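# Structure at a glance
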Amino acid sequence: MTSANFNAEGIIRLSDKEFRMISELVYDRFGINLTDKKKALVRGRLNSLVKSQGFTNFKSYYQSVIEDPTEGSLLSLIDRISTNHSFFFREAEHFDVLTKRVLPKLCRVLEKQSTAGQPASLRIWCAGSAAGEEPYTLAMVLAEYFGLKIERWDIGLLATDISVSALGQAVDGSYTEQRVAGVPASYRKYFSKTGPDRYDVADKIKRMVLYKRLNLMREQYPFKGKFHVIFCRNVMIYFDPETKKKLVGKFHRYLHESGYLFIGHSETLGKDPGIYRYVQPTVYQKV
Ligand SMILES: C[S@@+](CC[C@H](N)C(=O)[O-])C[C@H]1O[C@@H](n2cnc3c(N)ncnc32)[C@H](O)[C@@H]1O
């Protein structure tokens with residue numbers, strides 16, 4: 001199929017101007033910084049969506065997205081653009097820091113603060129949770145850490161993402177053999193084999209996580225309370241320094257005093273991050 005709008009492989013051409021319009025929209029609404037190097041990626045990821053909606057050029061597609069009074073078109077767009085790559089026990093030393101350094105300290109304080117007869121409450125937020133690998137890892141780690149004592153705790157584990165399809169997969173909690181391959185043997189008990197290439201997360205782990213769609217670029221987040229720990233790993237790599245700084249400032253507002261922020265291993269707030277205390281690389285504490 002070749003015409004002015006298609007290349008020899010039937011892929012719709014994306015002009016520099018069209019790419020700029022789309023990347024500005026994605027940056028304004030989602031903070032994702034699509035540099036010129038991402039042009040081929042954008043074209044590749046949007047091509048079938050644009051065609052399936054009957055458009056033969058990106059300009060008309062873009063117009064339809066910005067004129068859509070519902071958020072539907074924009075959400076389908078970001079679903080294609082966002083990178084939801086994740087895996088169980090990614091950057092595993094964070095879970096060691098959590099169970100060996102953070103939770104023992106935090107739980108002592110929280111137990112003291114809890115009123116007699118009431119379970120102590122622990123709130124964790126996984127921001128940019130992709131298809132559930134990270135929040136389910138956290139839930140499994142918490143289940144192991146607390147053991148039977150978990151009954152005496154009120155644990156809130158919130159997982160949010162902008163991608164509707166990633167959230168759908170997360171809620172299903174069903175993964176292929178390849179995706180659970182990295183789960184340590186001692187955690188395999190939290191999965192059951194439900195098909196030739198299917199492993200489902202145990203219901204008790206699924207029940208620990210509440211999934212919500214949330215755009216991190218919102219000025220305010222619809223949360224009632226604050227969190228003791230926030231995981232936001234491998235999300236800010238897509239943001240420019242200004243967006244990242246603003247987001248880290250917002251996380252600060254939603255953290256309890258001395259709460260912890262975990263970021264991805266290729267990310268940093270620097271060694272003098274101002275409103276946070278540097279605990280160790282990629283782990284910070286609210287001051
Ligand atoms: C590469 S994944 C990281 C997943 C997981 N945190 C990890 O480290 O494995 C990045 C996630 O951030 C989400 N994301 C990107 N921009 C976002 C935004 N503005 N609001 C909410 N989530 C966003 C993407 O949809 C994607 O699922």
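About the thresholds
- Residues numbered from 1 in each chain as written.
- Predicted model: local features only at pLDDT ≥ 70, side-chain atom pairs only at ≥ 80, totals over all residues.
- Heavy atoms only, no water.
- Domains from an automatic or database assignment.
- Contact = heavy atoms within 4.5 Å.
- Buried area = accessible area lost by both parts, 1.4 Å probe.
- Salt bridge = Lys/Arg side-chain N within 4 Å of Asp/Glu carboxyl O.
- Polar contact = N/O pair within 3.5 Å; in protein donor to acceptor, adjacent residues only side chain to side chain.
- Helix = DSSP H or I, 4+ residues; strand = E, 2+ residues; numbered from the N terminus.
- Buried < 20%, exposed > 50% of the residue type's maximum accessible area, 1.4 Å probe, protein only.

Let us look at the domain arrangement of the protein. Looking at the protein, the domain boundaries give domain 1 (16–81) and domain 2 (93–286). A straight line from the C-alpha centre of domain 1 to that of domain 2 covers 30 Å. At the junction of the two partners, domain 1 supplies 10 residues and domain 2 supplies 11 residues. The junction of domain 1 with domain 2 conceals about 910 Å² of combined surface from both sides, 51% of it contributed by carbon and sulfur atoms. Contact with domain 2 buries area across many residues of domain 1, yet F30, L75 and D79 alone supply 44% of it, more than any other trio. Our count for the domain 1 to domain 2 interface comes out at 1 salt bridge. Here E71 and R213 are joined by a salt bridge, their closest N and O atoms 3.9 Å apart. Remark: the boundary between domain 1 and domain 2 carries 7 residue pairs in polar contact (both at pLDDT 80 or more). Listed by contribution, the elements that provide at least two residues to the side of domain 1 that touches domain 2 are α1 (16–30) and α4 (72–81).

This brings us to the pattern of salt bridges. Evaluated as defined, the whole model comprises 10 salt bridges. One salt bridge connects D96 with K100, and the closest N-O pair in it is separated by 3.7 Å. Separated by 4 residues within a single helix, D96 and K100 lie in helix α5 (residues 93–113), roughly one turn from each other. You can call K100 exposed: its relative accessible area is 61%. In this structure, the salt-bridge partner of D154 is R123, at a minimum N-O distance of 3.1 Å.

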